[in-house]
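# Descriptive structure summary
Each chain is listed here by its residues.
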Amino acid sequence: MFETTQPTQSTHTTQSTDALVARLGRWSAGRGPLYLLLAARFRQLIDEGLLPPDAPLPPDRRLASALSVGRATVVAAYETLRQEGRVMRRQGSGTRVAAAAALLPGPRVRETSNPLFLNLLEPSDGVILLSCAAPLAPPPELQAAYRSIDLPDDDLGYHPAGLAALRTALAERYAVRGVPTCPDQILVTTGAQQGLSLLTRLLLAPGDGVLVEAPTYSGALDLFREAAAVPHPVAVGPDGLDVAAAIRVMERHRPALAYVVSRFHNPTGSVLPPLAGRRLVEAANALGVPLLDDEARADLGFAADAAQKPGVTLCAYGDVLSVGSLSKPVWGGLRIGWVRGPAPVIARLARLKAIHDLGSDMPGQLAAVRLLAEYETVLGDRLRSLRAGHDHLVAELARQLPSWTPAPTAGGQTLWVRLPYGEGVAFAQLALRHGVAVLPGSTMDALGASTRCLRLHFLLPPDVLTEAVGRLATAWREYAPEAATGAEALAA
């Protein structure tokens, strides 16, 4: 099994092109000729200093292939920029950002090139988002919880560690799962993403190693890259993480953190078997490697009794940090998450959180306390909706795109789909021009693999999912990567 890789020069070039394509974002979503839209997006990146002077740009054919456009589109865009003095094009040395290209004053700010976040930052009318997986509408129980809130008149409202009542309610939920937990072992966060961000800041310094699954949640990879950590990727299969390979990586590199998604893995949907989970926890504890389990989707199993019988958490096997969230099972706009861990770690995280926001939204926390009192009812309705969406999307893919191969899943919110040929990054660009946004697998894989994979969610109404698959099918009929052989094309 894979543990780590030493990329070849070709792999570095491909990854560099893919990273640029991700940074270009929704460049083709506007009106007008494609070459002008592409030139406009390059112009923005150059003028904001995000493509610095003398930075090399991909060759015409390579970028055209990655964007699923004709080479003439890239040539015309580059020529437009050359005439503006923003790029230089020389025979034998390729295309580079001009040394005199304007830069905004002030310090450089690292931006995200993650398509997941760009789809939120750069919304476009008419595009169906199969990329951002979160419930679209709040359940009636949440609306009722907000209506019944009584705001205190003797409370400043700043609680960096979270409201005591919510910390107690969350601790009780861990106790129900067989893990005795005290409120001082819980930190309330603004969604699971903030929990991951705070833990990254606390535990990782530049150059530290971090064990990650391949593929894994792209938002976590962004945080680790921002921290200048060194990823040590370990492959994920149908039964989750390759635990034997993960143990070898921990023994060899002693990373400062190991990040896993043990239940309803994002993006593959796999579940780590209990015995494998116990072995992973015991090895991490013995080696002194902090183990972080992302449980944001842990409650989303399709089984009929899943709402009443929550799955086993890795915390039951030893010392494990975990992050959770109500945004996935309840509503994306309910930005209530948490971190569970040793009380001293939670105290340090609370001090760090105080620096950033003084505490999460108080009305949201009060609503969450009320919601958790009837959580099984809310979760049961959510799981029935998820199962229906999953089955509908699987059926539509079988009907309209039978050559695609979705991996089976017993829970979660997404399907992990393997294309019969081609590259996910290039196809995602073409799909966007047909009005549907998907996540290419390579953006979630630190091994540089998963290039033929896509992540699709099934949280939209049935008619919208049908329309989205129809648009994907239209884009697929148009897609013809240069790398595909005749045999591959026939197999599709």
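The structure we're discussing is the one just above.
My aim in this report is to walk through the structure given alongside it, one point at a time. (Residues numbered from 1 in each chain as written. Predicted model: local features only at pLDDT ≥ 70, side-chain atom pairs only at ≥ 80, totals over all residues. Heavy atoms only, no water.)

## Things to note about a nonpolar patch on the surface
Selection rule: Two distance rules govern patches: like charges are joined within 9 Å, and nonpolar side chains (Val, Leu, Ile, Met, Phe, Trp, Tyr) within 5 Å, applied only to residues with over 30% relative accessible area and no salt bridge. Working definition of accessibility: Shrake-Rupley area with a 1.4 Å probe, residue cover restricted to the visible protein chains. The working definition used for a salt bridge is a side-chain nitrogen of Lys or Arg within 4 Å of a carboxyl oxygen of Asp or Glu. Put simply, DSSP H or I for four residues or longer makes a helix, DSSP E for two residues or longer makes a strand, and each gets a number counted from the N terminus. Categorising residues by exposure relies on relative accessible area from a 1.4 Å probe, with only protein chains included: less than 20% of the type maximum marks a residue as buried, more than 50% marks it as exposed, and the intermediate range marks it as partly exposed.
Residues Leu156, Tyr158 and Leu358 make up a contiguous nonpolar surface patch of about 350 Å² in total accessible area. Position of leucine 358 relative to the elements: it lies in the loop between helix 12 (343-356) and helix 13 (362-372). Leucine 358 gets classed as partly exposed once you look at its relative accessible area, which sits at 36%.

## Considering the packing of aromatic side chains
Note the cut-off: Stacked, edge-to-face and tilted are the three classes for Phe, Tyr and Trp ring pairs, Trp counted by its six-membered ring, which pair at centre distances within 6.5 Å; planes under 30 degrees apart are stacked, over 60 edge-to-face, the rest tilted. In this analysis the charged atom, NZ for Lys or CZ for Arg, is taken to sit over a ring once it is within 6 Å of the ring centre and within 35 degrees of the ring normal.
Here the structure, examined in full by the defined rule, presents 10 aromatic pairs. Ring plane angle 90° and centroid distance 5.6 Å describe the contact between tryptophan 404 and tryptophan 476, whose orientation is recorded as edge-to-face. Placement of tryptophan 404 in the loop between helix 14 (375-400) and strand 13 (405-406) and of tryptophan 476 in helix 16 (residues 462-478) is noted, with a sequence separation of 72 residues between them. Each of the two residues, tryptophan 404 as well as tryptophan 476, counts as buried. One aromatic cluster is present, formed by Trp404, Tyr421, Phe427, Trp476 and Tyr479 through successive ring pairs. The aromatic ring of tyrosine 174 is capped on one face by arginine 340, whose charged end is 5.6 Å from the ring centroid.

## Describing the side chain of threonine 73
For clarity, the cut-off: Contacts are residue-level and defined by heavy atoms, with any inter-residue pair within 4.5 Å sufficient.
Among the structural elements, threonine 73 can be located in helix 4 (residues 71-84). Residues in contact with threonine 73, not counting those within four places in the same chain, are Leu34, Tyr35 and Leu38.

## A short note on the environment of arginine 452
Operational definition: Nitrogen and oxygen atoms within 3.5 Å of one another constitute a polar contact, given that in protein one can donate a hydrogen and the other can accept it, and given that sequence-neighbouring residues count only through two side-chain atoms.
Take arginine 452: it is sitting in the loop between strand 16 (439-440) and strand 17 (453-457). The partly exposed category is assigned to arginine 452, whose relative accessible area is 22%. Taking the C-alpha atoms as reference points, arginine 452 and tyrosine 421, separated by 31 residues in sequence, lie 6.6 Å from one another. In terms of polar contacts, arginine 452 uses its side chain to reach the backbone carbonyl oxygen of proline 420, at 3.0 Å.

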